[in-house]
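Chain by chain, the residues:
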Amino acid sequence: MKVTSLPWRFLVLMVLVGLNLRPALSSLAPLLARVQQDTGLSPSAIGALTTLPVLCLGLFAPLAPRLSRQYGPERALSLGLVVITSGLLLRWQGSPLALYAGTLLVGAGIGVSGALLPALVKRELPRGADLMTGVYTMALCLGGALGAGLAIPLSDLLGGWTRSLAAWSLLAMAALIAWELYMPRTAATPRMAGDPGTGMTRGLLRQPLAWQVALLMGSQSSLAYIVFGWLPTLLMQRGIGEAEAGLLMGMSVMVQLISALLAPWLARFGRDQRPALLLVLASTASGLWILLMADTSLRYLGALLLGLGQGGNFSLALTLIVLRSADSRLAGRLSGLAQGGGYALAALGPLSVGIMLDLQAPITAIAWLLMGIAAAAASFAWFAGRQRQLCFDADDNVITRCAPRRGSR
């Protein structure tokens, strides 16, 4: 049971935490050429480096519900921020071992923290949870844009890519301190009576709707992490300079702020979320096709469409976790399943692109791979976007599919 929590205070904390869940990922891609030159890593090893954090998101996100029950969601989120900060600082060492270990820690911390936040939003701001998820997603996109856009300038300013990567630990420390001082407090013990725990998770695994949300999360995230990991490299292969490639990626991620905030509003105008989901996925596919296949004079239009699409994709995917859950307990379990299983699936995207680049596959083949992923995401969106909701039956131990309660948004 919640003791007291000022909504505006939680909103500020949510934004501050959200700002830290993308720079550790997006700041690496523009620096890959410098990393490879200094460390001597092969293209396959660099590909593994871009895949590792996404895989860690999938492996560690399912731990969030267990940590939440054991320590409480607030303390579990603090732990996630500590791990992110530690991973960023470890990258400062610059050796391949430190780079991989730091990236692993960063992925683990982001996986746990990202899975915890939807349940906290559902608990703290239940009436406007879908719209507040848009605000949180906007903070994620802003963090990603800053990481991509400032990676090269910070490297030049601070005297190396290791310092550029480690500089984001300052933002993570600020978020950790603010969260520790002002996080919402709960009167109940971390493991609350009546919490079905693992039984609820087993119930979720039997629900097609839960898997539809997870597969949508995975397929759209696969496109996002291909962009985070490889877009600058792909653009440079098309003859675009290193600085402009990083700028285009940063611009694309910055544009996500608009659609991340507006997509949940757009979704409210329809009977369900399918029209909004299909619209943003079409924008994503169009942007990627223009960037990789059209004349390079259209590259800024492509970055704009890509950003508008991907911001809306992620915002709506997170919003579905909230809308498809009857309460915050269920939102936490669905978040762990959707983000855990989804990110594990998403890791195949950047890995596949890395292998294709290592085999010197043409840009055309990579572009068609991305179109296939976008088409798969659209098919999952068609089912996950229907106006359905997961809830408890009368015994509070079996997940059943039910109609959303009126006003549950």
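Everything numeric in this text was worked out from a predicted model, so none of it was measured. (Residues numbered from 1 in each chain as written. Predicted model: local features only at pLDDT ≥ 70, side-chain atom pairs only at ≥ 80, totals over all residues. Heavy atoms only, no water.)

**Brief notes about the overall build of the protein**
On a plain count of helices and strands, the protein comes out with 18 helices and four strands. Of all 409 residues assigned to the protein, the portion counted as buried reaches 57%. Summarising the internal contacts of the protein: among those between residues at least 6 apart in sequence, 83% fall at separations of at least 24. For the protein, the computed accessible surface area is about 15700 Å², with 67% contributed by carbon and sulfur atoms. (Helix = DSSP H or I, 4+ residues; strand = E, 2+ residues; numbered from the N terminus. Buried < 20%, exposed > 50% of the residue type's maximum accessible area, 1.4 Å probe, protein only. Contact = heavy atoms within 4.5 Å. Areas by Shrake-Rupley, 256 points an atom, 1.4 Å probe, with all protein chains shown as cover.)

**Details of the confidence of the model for the protein**
Averaged over every residue, the pLDDT of the protein is 83; residues scoring 70 or more account for 89%. Note that pLDDT drops below 50 for residues 1–5; the model gives that stretch 14 contacts with residues more than four away or on any other chain. Between residues 187–199, whose pLDDT stays under 50, and residues either more than four places distant or in other chains, the model counts 22 contacts. (pLDDT = per-residue confidence, 0-100.)

**Remarks on a nonpolar patch on the surface**
A contiguous nonpolar surface patch, about 700 Å² in accessible area, is contributed by Leu-205, Trp-211, Leu-215, Leu-345, Leu-348, Leu-351, Ile-355 and Leu-359. Those elements that provide at least two residues to the nonpolar patch are α12 (208–237) and α17 (348–358). The dominant element in the nonpolar patch, judged by the number of residues it contributes, is α17, at three residues. For Leu-351, the location among the structural elements is in helix α17. (Patch = residues over 30% accessible without salt bridge, like charges linked within 9 Å, V, L, I, M, F, W, Y side chains within 5 Å. Salt bridge = Lys/Arg side-chain N within 4 Å of Asp/Glu carboxyl O.)

**With respect to the pattern of salt bridges**
Tallied over the entire structure, the rule returns six salt bridges. When the shortest N-O distance is used, the salt bridge between Asp-156 and Arg-34 registers 3.0 Å. Note that Asp-156 is positioned in helix α8 (residues 129–158) and Arg-34 in helix α3 (residues 32–39), a separation of 122 residues in sequence.

**Section: helix α16 (residues 328–346)**
A rise of 1.5 Å per residue sets the reference length of α16, with its 19 residues, at 27 Å; its end C-alpha atoms lie 25 Å apart and thus fit the reference within 8%. When you tally the buried positions in α16, you get 15 out of 19 residues, the bulk of the element. (Expected span 1.5 Å × (residues − 1).)

**Some remarks on the side chain of Asn-20**
Within the fold, Asn-20 resides in the loop between α1 (7–18) and α2 (23–26). Judged by relative accessible area, Asn-20 falls into the buried class, the value being 4%. Within the structure, Asn-20 has its side chain in polar contact with the backbone oxygen of Leu-16 (distance 2.9 Å). Asn-20 has contacts with Ile-84, Trp-168, Leu-171, Ala-172 and Ala-175, leaving out every residue within four places of it along the chain. (Polar contact = N/O pair within 3.5 Å; in protein donor to acceptor, adjacent residues only side chain to side chain.)

**Observations concerning the packing of α1 against helix α7 (residues 96–124)**
Remark: α1 packs on α7, axes separated minimally by 12 Å, with the N-to-C direction vectors making an angle of 170°. By the angle between their axes, α1 is roughly antiparallel relative to α7. Contacts between α1 and α7 pair Phe-10, Met-14 and Val-17 from the former with Leu-117, Leu-120, Val-121 and Glu-124 from the latter. Of the residues belonging to the contact of α1 with α7, the class tally is six nonpolar, no polar and one charged. (Axes fitted to C-alpha atoms, helices over the stretch in contact; angles between N-to-C directions. Parallel < 35°, antiparallel > 145°, perpendicular 65-115°, else oblique. Nonpolar A, V, L, I, M, F, W, Y, C, P; charged D, E, K, R; others polar.)

**A look at unusual backbone geometry**
A positive phi angle is found at Gln-360, which is not glycine, with a value near 60°. Note on placement: Gln-360 falls in the loop between α17 and α18 (363–384). A relative accessible area of 72% places Gln-360 in the exposed class.

**Looking at the environment of Gly-94**
Within the element layout of this structure, Gly-94 appears in the loop between α6 (73–90) and α7. Taking the C-alpha atoms as reference points, Gly-94 and Val-35, separated by 59 residues in sequence, lie 8.7 Å from one another. With near-sequence residues (within four places) excluded, Gly-94 lies in contact with Thr-39, Trp-161 and Thr-162.

**Topic: the nonpolar core**
Core analysis: the largest hydrophobic core is formed by 113 residues, its most contacted members being Ile-110 and Trp-179. Trp-179 has contacts with Phe-10, Leu-13, Val-17, Glu-74, Leu-77, Ser-78, Leu-81, Leu-120 and Pro-184, leaving out every residue within four places of it along the chain. (Core = buried A, V, L, I, M, F, W, Y, C linked by side-chain atoms within 4.5 Å.)

**So, the environment of Gly-332**
For Gly-332, the position within the fold is in helix α16. Along the primary structure Gly-332 and Ala-64 are separated by 268 residues, whereas in three dimensions their C-alpha atoms are 7.9 Å apart. Each residue touching Gly-332, except ones within four places of it in the same chain, is listed here: Pro-65 and Ala-119.

**With respect to helix α15 (residues 299–323)**
Every α-helix winds through 3.6 residues per turn, so residues three or four apart in the chain are directed the same way. Counted at 1.5 Å a residue, the expected span for α15 with its 25 residues is 36 Å, and the 36 Å between its end C-alpha atoms agrees. The buried count for α15 comes to 19 of 25 residues, which makes it a mostly enclosed element.

**Re the packing of aromatic side chains**
All told, the structure shown has two aromatic pairs when counted by the stated rule. Aromatic pair Trp-289 and Trp-368: ring centres 5.1 Å apart, planes at 65°, arrangement edge-to-face. Residue Trp-289 is located in helix α14 (residues 274–293), and its partner Trp-368 is located in helix α18; the two are separated by 79 residues in the primary sequence. Judged by its relative accessible area of 29%, Trp-289 falls in the partly exposed class. Here Trp-368 falls in the exposed class, since its relative accessible area comes to 55%. The ring centre of Trp-382 lies 4.4 Å from the NZ or CZ of Arg-274, which sits over that ring. (Phe/Tyr/Trp six-rings, centres within 6.5 Å; stacked < 30°, edge-to-face > 60°. Lys NZ or Arg CZ within 6 Å of the ring centre and 35° of its normal.)

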